[in-house]
Amino acid sequence: EPEVTQTPSHQVTQMGQEVILRCVPISNHLYFYWYRQILGQKVEFLVSFYNNEISEKSEIFDDQFSVERPDGSNFTLKIRSTKLEDSAMYFCASNRGRSYNSPLHFGNGTRLTVT
Amino acid sequence: DQQVKQNSPSLSVQEGRISILNCDYTNSMFDYFLWYKKYPAEGPTFLISISSIKDKNEDGRFTVFLNKSAKHLSLHIVPSQPGDSAVYFCAASAGGGNKLTFGTGTQLKVEL
């Protein structure tokens, strides 16, 4: 069964540094997402992306965050100047269309640790 | 933000018995509900879903029940198996959208 793949599995960075988290969504999927889970807390929506633009974003997704689909297969999340509170598990997800007919498929996540 | 709540952080069940996981929501705009299962070091995996026009959906050992008037849904697993031991998340969306609001999860342990 096709999978959403994320790299790296674990990223350690210093506060103030930029990080790029990478994802390869399932190939015939059209909608792409980033979610995050801070340790001990809920999985939270960050952003959705469709047709090469952001379709929805949460209040968490401020100016330090950006997303990009640089080619036909990758989907990236960039955090420009990381803060300690950005430490979390970041999950990429994708689906074909509306959630009624196409549940989100999640990758295994990237654990980001900001020191 | 407590729009989706799972009040039981953990549940322990014997193998072969029924597991019942509960979820409550407050947002009346939610019209689609999903259950995801998560093993350590993996992402959430879709299990089963239900639209607000239904009150029950069944898939093999998994059944989801929706009580709209009570804003409550539950996941039944019968019979429970040791491989079902995982964290179970309830999630909801509104208006056919793809933004999911998750609960905090329930850790299910199925014992031999």
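Data block above holds the structure.
Values in this document were obtained by computation on a predicted structure and should not be read as measured data.

Asks: Even after reading the chapter, I still don't get the sheet that holds strand 7 (residues 62-67) of chain B, so can you show me in this structure?
Replies: Either a parallel or an antiparallel arrangement is found when strands of a sheet pair, and the pairing is made through backbone hydrogen bonds. An order of 1-3-8-7-6 (chain B) is seen for the five strands of this open sheet, with the pairing classed as antiparallel. Among the strands making up the open sheet, the edge pair consists of strand 1 (4-5) and strand 6 (56-59) of chain B.

Asks: Mind showing me how you'd approach the side chain of B:Ser80 here?
Replies: Residue and element names in this part refer to chain B. With respect to the helices and strands, Ser80 occurs in the loop between strand 8 (72-77) and strand 9 (86-94). In terms of polar contacts, Ser80 uses its side chain to reach the backbone carbonyl oxygen of Ile77, at 3.4 Å. In this structure, Ser80 is in contact with Val13, Gln14, Glu15, Gly16, Arg17, Ile18, Ser19, Arg61 and Val110, ignoring residues within four places of it in sequence.

Asks: Hey, could you run me through the sheet that holds strand 8 (residues 75-79) of chain A in this one?
Replies: All names here are of chain A. Across the sheet, which stays open at both edges, the four strands sit in the order 1-3-8-7 with antiparallel pairing between neighbours. Where the open sheet ends on each side, the last strands, each with one partner, are strand 1 (5-7) and strand 7 (65-68). The mean angle between the axes of side-by-side strands here comes to 20 degrees, regardless of whether they run parallel or antiparallel. For strand 3 (residues 19-24) and strand 8, the ladder comprises five bridges, and the chain directions are antiparallel. The residue bridging Cys23 from the neighbouring strand is Phe75, located in strand 8.

Asks: Can you help me understand the interface of chain A and chain B in this one?
Replies: Accessible area lost when the parts come together is the quantity often used to give the size of an interface. Every contact between the two is made by 19 residues of chain A and, on the other side, 25 residues of chain B. Both sides together, the interface formed by chain A and chain B hides about 1900 Å², and carbon and sulfur atoms give 57% of it. Joining chain A to chain B, the criterion identifies zero salt bridges. Remark: the boundary between chain A and chain B carries eight residue pairs in polar contact (both at pLDDT 80 or more). Broken down by secondary-structure element, the contributors of at least two residues to the side of chain A that touches chain B are strand 4 (31-37), strand 5 (43-50) and strand 9 (88-95) of chain A. A per-element tally of the side of chain A that touches chain B places strand 4 of chain A first, with four residues. Grouping the amino acids of the side of chain A that touches chain B by side-chain chemistry returns 10 nonpolar, six polar and three charged.

Asks: Is there a simple way to explain the environment of B:Asn27 in this structure?
Replies: With respect to the secondary-structure elements, B:Asn27 resides in the loop between strand 3 (19-25) and strand 4 (30-38). Reaching out from B:Asn27, the side chain makes a polar contact with the backbone nitrogen of B:Met29 at a distance of 2.8 Å.

Asks: Hey, could you run me through the state of the cysteines in this one?
Replies: Note on terminology: disulfide describes a covalent bond linking the sulfur atoms of two cysteines. Residues and elements named next belong to chain B. Within this structure, the stated rule accounts for two disulfides over all chains. One disulfide in the model links Cys23 with Cys90; its S-S distance is 2.0 Å. Between Cys23 and Cys90, the S-S torsion sits near -70 degrees, and that sign places the bridge as left-handed. With Cys23 in strand 3 and Cys90 in strand 9, this residue pair connects regions lying 67 residues apart in the sequence. Classification of Cys23 by relative accessible area gives buried; the value is 0%.

Criteria and thresholds
- Position labels on residues start from 1 in each chain and follow its written sequence.
- Chains carry letters and ligands carry numbers; both start at the beginning, A for chains and 1 for ligands, and go up in the order they are written.
- Owing to the predicted nature of the model, reporting of local features is limited to residues with pLDDT of at least 70; listing and counting of side-chain atom pairs is limited to 80 or more, with chain, interface and lining totals taken over all residues.
- The side-chain figures draw on all heavy atoms in the structure; neither hydrogens nor water molecules are used.
- We call two strands paired when DSSP finds no fewer than two bridges between them.
- Here a strand is any run of E in DSSP of at least two residues, a helix any run of H or I of at least four, and the numbering for each starts at the N terminus.
- Pairs of N or O atoms within 3.5 Å make up the polar contacts considered here, provided that, within protein, one atom can donate a hydrogen while the other can accept it, and that residues adjacent in sequence are counted only when both atoms are side-chain atoms.
- We call two residues contacting when some pair of their heavy atoms lies within 4.5 Å.
- Axis definition: a line fitted to C-alpha atoms, over the contacting stretch in the case of helices. Angles run 0 to 180 degrees between N-to-C directions.
- Here the quantity called buried area is the accessible surface, traced with a 1.4 Å probe, that two parts lose on coming together, added over both.
- Whenever a carboxyl oxygen of Asp or Glu lies within 4 Å of a side-chain nitrogen of Lys or Arg, that contact is scored as a salt bridge.
- Residues are sorted three ways: Asp, Glu, Lys and Arg are charged, Ala, Val, Leu, Ile, Met, Phe, Trp, Tyr, Cys and Pro are nonpolar, and all the rest, Gly among them, are polar.
- Any cysteine sulfur atom paired with another within 2.5 Å is treated as part of a disulfide.
- Buried means the residue's accessible area, taken with a 1.4 Å probe over protein chains only, is under 20% of the maximum for its type, while exposed means over 50%, and partly exposed covers the values in between.

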